[in-house]
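Descriptive structure summary
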Amino acid sequence: MSASNRSGKSTESPKRSTNKGMGAGGSRSPGRGSKGPRPSGEPASGPSMGKPRLSNATGSRTPSSATKGNKKKPQARSRRSSRWPTSGREWAIFLAKWSAISGLVLAALGAALLAAMFWVYGSDSRLPRISSLKDYQPAQVNRVLSSDGQLIGEIFEQRRSVVSFDELPEHLVQAFVSAEDKGFWKHKGIDYVGMMRAALINLRTGKKKQGASTITQQVVKNLLLSRERTFRRKFQEIILARRLEKALSKEEIIMLYANEIFFGHGRYGVQEASRFYFGKDVKDIDVGEAALLAGLPKGPNLYSPKRKKNYERAKDRQV
C-alpha cells in the first residue's frame, strides 16, 4: 500500500501541473508570460501603447484636438483686439484714413444728388425757352413828335431805348465786364470758382457780402425767371445760363444785358441812363462816365450821382 501510494502520488503530481497549464478542451491558458489573445473590451497595456484615446467614430474629439481648440480661442481674441490703434501715430493714421473715405462717400452722394436735381429741374416742361431771347423786343419809349420834328410827349411803361452792340463803346463793355463778371469771355455761363469763393466769404462773415452771378445769369434772371429766392429758381437759372451760352454769342448776351438792366430813376438800359445822367447818347460817353454807369447796377439808389449823399460813393465806385 505504501509503495502504491507513493507511486500514486508520484503519478498524480505531474497531472496537476499539466492541468494548471491547460484550459478547457486541452488548450493552454495564458500565463504571465504568454502572448495569447486578450478578451474583448480589455485595454491593451504596455510601454508602447501610450494613453487611451477616444474613438473618432463617435464624433468626439481626441484629447489632442481639444487641446488645439483651446489654444485657438485666445489667438482669435488677440486678432480682434489688434484691429484698434494702440499708439497716437496709429490713431492719427486711422482717423485720417476714415476721414478721407467718409469725405469721398459724401462727395459722391452730393454729386449724385446734384445730378438728380439738375435732371429733374432741367426736364421741367414749364422751363422758359431760350429761343424767345433771339427775338428781343422789350417795352420801349414811344415818342410823339410834331410836324417839324419837335418832341411833344412820350408814352412808355418802362423808359427804355434799345441799342445794338455796335453802338456800345468798347470801354463801356470792358467796364461792365470788370465790374460784374471778370471771367465773362472765358466761362460757359457759370463761374464755378467764383461761386465757391463767394460762398466761403459769405459763410465766414455770416452775411451775403459777395454774389457770384455772371452777366449771363443776370440776363436769364431778368428776362426769363421770376425774382423768387428758392433752390428751384437757382437751379433753373444755372441750367438756362448754360443753354443761353450755347444759343447766343457773347456779344448778343452783352447787348441784352446793357438794354435790360435797371439804372435807377425809372431808367432801363444804357441809352436812357446815359441821356438822364449825362445828357448824351451812350455812344458818346467817355471812360469816366462809362465807369459810373457800370457801377450803378449793383445799387442804383445807393450809387446814383443825382443824390448828393451818394456822390462820394459814386466816385469811389468809378475807381
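Structural data are supplied above this passage.
The model shown is predicted, which means the values in this text are computed figures rather than measured ones.

Bringing a positive patch on the surface into the picture now. A surface patch of like charges, here positive, comprises R129, R242, R243 and K246. Among the secondary structure elements, R129 is positioned in the loop between α3 (88–122) and β1 (142–145).

The geometry of helix α9 (residues 270–278) relative to helix α10 (residues 287–295) is characterised by a closest axis approach of 11 Å and an angle of 115° between their N-to-C directions. Note on packing geometry: the crossing formed by α9 with α10 is right-handed. Counted together, A273, S274, Y277 and F278 of α9 and E289, L292 and L293 of α10 form the full contact between these two elements. Taken together, the residues that form the contact of α9 with α10 break down as five nonpolar, one polar and one charged.

It is worth spelling out the pairing of strand β2 (residues 151–155) at this point. Across four bridges, the pairing between β1 and β2 is antiparallel. What sits directly across from L145, in β2, is L151. Connecting β1 to the next strand, β2, in antiparallel fashion are five residues, including G149 with a positive phi near 90°.

Okay, the pattern of salt bridges next. Applying the stated criterion to the full structure yields ten salt bridges. The closest approach of N and O atoms between R143 and E154, which form a salt bridge, is 3.1 Å. A residue pair is termed long-range when its members are at least 10 positions apart, and R143 in strand β1 and E154 in strand β2 qualify at eleven residues. By relative accessible area, R143 is classed as partly exposed at 34%. A salt bridge links R160 to E260, with the nearest nitrogen and oxygen atoms 3.5 Å apart. With R160 in strand β3 (residues 159–160) and E260 in helix α8 (residues 250–260), this residue pair connects regions lying 100 residues apart in the sequence. When sorted by exposure, R160 lands in the same class as E260, which is buried.

Calculation notes
- Along every chain, residues carry numbers that run from 1 in the direction the sequence is written.
- Residue-level local features of this predicted model are given only where pLDDT is at least 70; pairs of side-chain atoms are given and counted only at 80 or more, and the full residue set underlies all totals for whole chains, interfaces and linings.
- Just so you know, side-chain values use all the structure's heavy atoms and leave hydrogens and water out.
- Patch criteria: residues need more than 30% relative accessible area and no salt bridge. Like-charged residues are merged within 9 Å; nonpolar side chains of Val, Leu, Ile, Met, Phe, Trp and Tyr are merged within 5 Å.
- What sets the accessible areas is the Shrake-Rupley method with a 1.4 Å probe; for residues, cover comes only from the shown protein chains.
- What makes a salt bridge here is a side-chain nitrogen of Lys or Arg within 4 Å of a carboxyl oxygen of Asp or Glu, nothing more.
- Under the counting rule used here, the positive set is Lys and Arg, the negative set is Asp and Glu, and His together with the chain ends is not counted.
- Here the site of a charge means atom NZ of a Lys, CZ of an Arg, CG of an Asp or CD of a Glu.
- Strands are runs of DSSP state E lasting at least two residues, helices are runs of H or I lasting at least four, and both sets are numbered from the N terminus onward.
- Axis definition: a line fit to C-alpha positions, over the contact stretch in the case of helices; interaxial angles, taken between N-to-C directions, run 0 to 180 degrees.
- Helix crossings get a hand from a simple test, with the near helix turned counterclockwise from the far one by less than a right angle marking a left-handed crossing and a clockwise turn marking a right-handed one.
- By the convention used here, residues are in contact when the closest approach between their heavy atoms is within 4.5 Å.
- Under the convention adopted here, Pro, Cys and the residues Ala, Val, Leu, Ile, Met, Phe, Trp and Tyr are nonpolar, Asp, Glu, Lys and Arg are charged, and Gly plus all remaining residues are polar.
- Note on pairing: two strands pair once DSSP finds at least 2 bridges between them.
- Here's how the labels work: a residue is buried when its accessible area is under 20% of the maximum for its type, exposed when over 50%, partly exposed in between, all with a 1.4 Å probe on protein chains only.

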